[in-house]
Amino acid sequence: MPKELLKVKDLKQYFPIKGGLLGRTINHVKAVDGITFDVYEGETVSIVGESGCGKSTTGRAILRLDEPTAGEVEFDGEDLLALSKKDMRKKRKDLQVIFQDPYASINPRQTVRQILEEALEIQNVVPKNERAKKIADLMEVVGLGAHQADRFPHEFSGGQRQRIGIARALSVDPKLIIADEAVSALDVSIQAQVINLMKQLQRDFALTYLFISHDLGVVRHISDRVIVMYLGKIVEIGDKTSIFDNPHHPYTKALLSAIPVPDPDAQSERVLLEGDVPSPINPPQGCRFHTRCPFATERCRVEAPELRNIDGMKEGHMGACHFMEEIKNGTHQVE
Amino acid sequence: MREEINTGAAQIKAAPNPTLVKLSTFWRKLTSSKSAVVGGILIIAIILIALIGPYFVPYSPSATDTANRLNGPSLAHWLGTDNYGRDIFSRIIDGMSITLYVGFSAVLIGMTVGVFLGIISGYYGGKIDTIIMRFMDILLAFPGILLALAIVAVLGSSLNNVIIAVAVFSVPVFARIVRGSTLSVKKLEYIDAVKALGASDARIIFKHILPNVASPIIVQATLSIATSILSASGLSFLGLGAQPPMPEWGAMLADGRNYMYDAPHVATIPGIAIVIVVLAFNLFGDGLRDALDPKMKN
């Protein structure tokens, strides 16, 4: 069993809504509302879900780009949330992030060399006289030419810029990289290149990825395990094959049925959901999915389901639904 | 056709620095604005006169000549003489450096403090932001000249105290502008990226935020110089700033006031000088604002 690199326990991220004359907090957006999961060394865990489900917020909270409201984030045996700001800055060497928009995530006023040099300087990864070589190596590694180091971001294409972002993340020799929709802004052929590059880097540098995405095709390609989120909660978690081939939660099923099949004759059973995602300001009581779930009963409206493993599920595969057995056996009755 | 091909090749070869590209478009926009050109030329002329003028003036600015009191403009005294027979032309030229010194130093102090407070406020937010900005609101609530009067009254009347007073009332303007720009810049993803790399707040503020909020600061500084000069002259006019016999324009205006009917030029000429300098900075500031505004494309 590989060791746990990242342990997230009951993580909550509430954003206050200020209002009124005195700017009092009148309510909270419960973007992430108590999620628990582990990431093992060397694996790729994906978080999927529709927009607004809290997947990006989870990534930012782990990195402490936003300070989480409650919960624990343990990285390599150390509680990140207990670290002082200064110690956290040092710790950031081990956790890096790749952002979605390659046009917004690099400073347009810096050359590639300056961008990478700054990263090396902040964490003091290599002595000053070796930085030039390290920069050339990094650029080579991500598939850019070392001769392009003195160019500015606007001289690169989107895919190349994303490679610069990857090089920046790699420059400090991290253990975990959080890829926040890292390929969503790229077009499909470039997506494949960047994903293959990421997989290659994972092998070469023993990286662990937390891959945040809404693109199930990409997730299927890159992940070892998958976490499905809905409205700030985990609804299903498990290894890739379990989630894709043997989904148990009605939401996961609906999500998976939305993957387009590149075969016009294929008969797909589309599970259509009604309505929209409810507001995370006042999430539904009980199971958060009950407002849109075709199987919802009175119990779902009252009691929030816990993640659990049932017969016929692989170890580590868990779903948060009261009626997984009944739905599976076809004996579930909607009142 | 050929030209197009040539320019294309040139673009591939030269890897333009975006700062330089921006500078060249900025320069083109700036020079295409008439007010900026007029203002700019005037400012350059004013600065040159202030620097080298005092070495070439025909009379000492404090040399009195009681035989020639309140003379009108003539060949000997180009702009006439004042109530002590001092040559007004020499005094105006000599006073130019005082005017500029007051304008520049007041803005420099006000800008430094204002930018600092604004960036801290915008970057950290929360309670710090509330405290700083409410304090700025209090300063803004006073009419500028009244606040300056109060400050000079407390500190005592001297030119340096006038500078401090004028600086204090230009602080909130800078703080507000910088806070707003900081708020928008700090939301950009690359700020998060350097934060995730472990950059200190100081590095983020000085290396990544300050350069991106510079243009509104520059525009405001130019316009503030004009306001500061006007306010400082006003305070000197009231006798709170430069003390006689310093050839400060506001003080000269005050001196000339008593002879408005017999020798109007004694008061009018320093007034015109103030107008020209203030106008120069205002014109240039307006042109600068248009040139730096990304929404205005020519």
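All values derive from a computational prediction rather than experimental measurement.

Section: the overall build of chain B
- A tally of helices and strands in chain B yields 12 helices and 0 strands.
- Counting helices and strands in the order they occur from the N terminus, chain B gives α-α-α-α-α-α-α-α-α-α-α-α.
- Overall size of chain B, expressed as C-alpha extent along the three principal axes, is 75 × 60 × 30 Å.
- Looking at chain B as a whole, 42% of its 298 residues qualify as buried.
- Sequence separation of 24 or more characterises 71% of the internal contacts of chain B that already satisfy a separation of 6 or more.

Side note on the overall build of chain A
- Across its full length, chain A holds 11 helices and 11 strands.
- Relative to the compact-globule value of 20 Å for 335 residues, chain A shows a C-alpha radius of gyration of 21 Å, a close match.
- Along the first, second and third principal axes, the C-alpha set of chain A runs to 70 × 60 × 45 Å.
- Residues classed as buried in chain A amount to 41% of the 335 residues present.

Points about the UniProt feature "domain: ABC transporter" (unreviewed entry) in chain A
- According to UniProt, the feature "domain: ABC transporter" (unreviewed entry) maps to residues 6–256 of chain A in the numbering used here.
- The distance separating the terminal C-alpha atoms of residues 6–256 of chain A is 27 Å; by composition the span is 35% helix and 28% strand.

Examining the interface of chain A and chain B
- With 25 residues of chain A at the interface, the matching set in chain B holds 17 residues.
- Those elements giving two or more residues to the side of chain A that touches chain B turn out to be α2 (85–91), β6 (95–98) and α3 (112–123) of chain A.
- The element contributing the most residues to the side of chain A that touches chain B is α3(A), with 3 residues.
- A class-by-class count of the residues in the side of chain A that touches chain B yields 11 nonpolar, 5 polar and 9 charged.

Let's talk about the UniProt feature "transmembrane region" (unreviewed entry) in chain B
All names here are of chain B.
- Under the local residue numbering, the UniProt record ascribes the feature "transmembrane region" (unreviewed entry) to residues 36–57, 98–126, 138–156, 162–178, 217–243 and 263–285.
- Strand forms 0% of residues 36–57 and helix 77%; the C-alpha atoms that close the span are 29 Å apart.
- Segment residues 263–285 splits into 91% helix and 0% strand. End C-alpha atoms: 35 Å apart.

As for the sheet that holds strand β8 (residues 208–212) of chain A
Residue and element names in this part refer to chain A.
- An order of β6-β7-β8-β3-β9-β10-β11 is seen for the 7 strands of this open sheet, with the pairing classed as mixed. What marks the edges here is a single partner per strand, and that holds for β6 and β11 (318–319).
- In this structure, strand β9 (residues 225–230) lies alongside strand β10 (residues 233–239), joined through 6 bridges in antiparallel fashion. Note on β10: the bridge partner recorded for Y230 is K233.
- Running at roughly 105 degrees to β9, helix α9 (residues 250–257) makes contact with β9 and β10 of the sheet.

Concerning helix α3 (residues 34–52) of chain B
All names here are of chain B.
- The end-to-end C-alpha distance of α3, which contains 19 residues, comes to 27 Å, matching closely the 27 Å that a straight helix rising 1.5 Å per residue would cover.
- The set of residues buried in α3 consists of A36, G39 and I46. Down the axis of α3, the smallest arc covering the buried residues is 95 degrees, so these residues share one side. Across α3 from its buried face, at more than 90 degrees, point the exposed residues K34, I44, A45, L48 and I52.

Let's talk about helix α7 (residues 159–185) of chain B
Residue and element names in this part refer to chain B.
- With 27 residues, α7 should cover 39 Å at 1.5 Å per step; its first-to-last C-alpha distance of 38 Å lies within 8% of that length.
- The sharpest bend along α7 reaches about 30 degrees and sits at S170, with the proline P172 one to four residues further on.
- For α7, the buried fraction is high: 20 of the 27 residues fall into the buried class.

Structural notes on the UniProt feature "domain: ABC transmembrane type-1" (unreviewed entry) in chain B
- Under the present numbering, the feature "domain: ABC transmembrane type-1" (unreviewed entry) in UniProt falls on residues 96–285 of chain B.
- Helix and strand shares over residues 96–285 of chain B are 82% and 0% respectively, and the end C-alpha atoms of the span are 20 Å apart.

Here's the deal with unusual backbone geometry
Residues and elements named next belong to chain A.
- Located in the positive-phi region is D10, a residue other than glycine, with phi close to 50 degrees.
- For D10, a count of 11 C-beta atoms within 10 Å puts it in the exposed group.
- A positive phi angle is found at R64, which is not glycine, with a value near 60 degrees.
- Inspection of the secondary structure assignment puts R64 in the loop between α1 (55–62) and β4 (70–75).
- Overall, the presence of 19 C-beta atoms within 10 Å leaves R64 in the partly exposed class.

Thoughts on the environment of M88(A)
Residue and element names in this part refer to chain A.
- Examined against the element boundaries, M88 turns out to sit in helix α2.
- Using a count of 16 C-beta atoms within 10 Å as the deciding quantity, one classes M88 as partly exposed.
- Between the C-alpha atoms of M88 and A192, which are 104 residues apart in sequence, the distance is 34 Å.
- Beyond its immediate stretch of four places on either side in the chain, M88 contacts R64, L80 and L83.

Details of the confidence of the model for chain B
- Residue-level pLDDT values for chain B average 84, and 91% of them are 70 or greater.
- A low-confidence stretch, residues 1–14 of chain B stays under pLDDT 50, and its non-local contacts, those more than four residues away or across chains, total 0 contacts.

Here's the deal with the environment of H147(A)
- Checked against the element boundaries, H147(A) lands in the loop between α4 (131–141) and α5 (158–170).
- Taking C-alpha positions, H147(A) is 18 Å from E118(A), a pair spaced 29 residues apart along the chain.

Concerning the packing of helix α4 (residues 88–124) of chain B against α7(B)
Residues and elements named next belong to chain B.
- Following both chains from N to C, one finds α4 and α7 inclined at 35 degrees, their axes separated by 5 Å at the closest point. Crossing handedness for the pair α4 and α7: right-handed.
- Residue composition of the contact of α4 with α7, grouped by class: 23 nonpolar, 8 polar and 2 charged.

Let's talk about the nonpolar core
- I178(A), L210(A), V228(A), V162(B) and V166(B) are the most contacted members of the largest nonpolar core, which totals 155 residues.
- The element contributing the most residues to this core is α4(B), with 15 residues.

Some points on the environment of I225(B)
Residues and elements named next belong to chain B.
- With respect to the helices, strands and loops of the structure, I225 is situated in helix α10 (residues 214–237).
- In sequence terms I225 and V166 are 59 residues apart; their C-alpha atoms lie 10 Å from each other.
- Setting aside residues no more than four positions away along its own chain, I225 makes contact with G103, F104, V107 and F281.

Scoring rules and cut-offs
- Residues numbered from 1 in each chain as written.
- Chains lettered and ligands numbered in written order.
- Predicted model: local features only at pLDDT ≥ 70, side-chain atom pairs only at ≥ 80, totals over all residues.
- Helix = DSSP H or I, 4+ residues; strand = E, 2+ residues; numbered from the N terminus.
- Buried ≥ 20, exposed ≤ 12 C-beta atoms within 10 Å, placed from the backbone.
- Contact = placed C-beta atoms within 7 Å.
- Rg over C-alpha atoms; globule rule 2.2 N^0.38 Å.
- UniProt positions renumbered as here; feature names shortened; annotations may be inferred.
- Nonpolar A, V, L, I, M, F, W, Y, C, P; charged D, E, K, R; others polar.
- Pairing = 2+ DSSP bridges.
- Axes fitted to C-alpha atoms, helices over the stretch in contact; angles between N-to-C directions.
- Expected span 1.5 Å × (residues − 1).
- Arc of directions from axis to C-beta.
- Bend = angle between axes of the 7 residues up to and from the residue.
- pLDDT = per-residue confidence, 0-100.
- Left-handed = near helix turned anticlockwise from the far one by under 90°.
- Core = buried A, V, L, I, M, F, W, Y, C linked by C-beta atoms within 7 Å.

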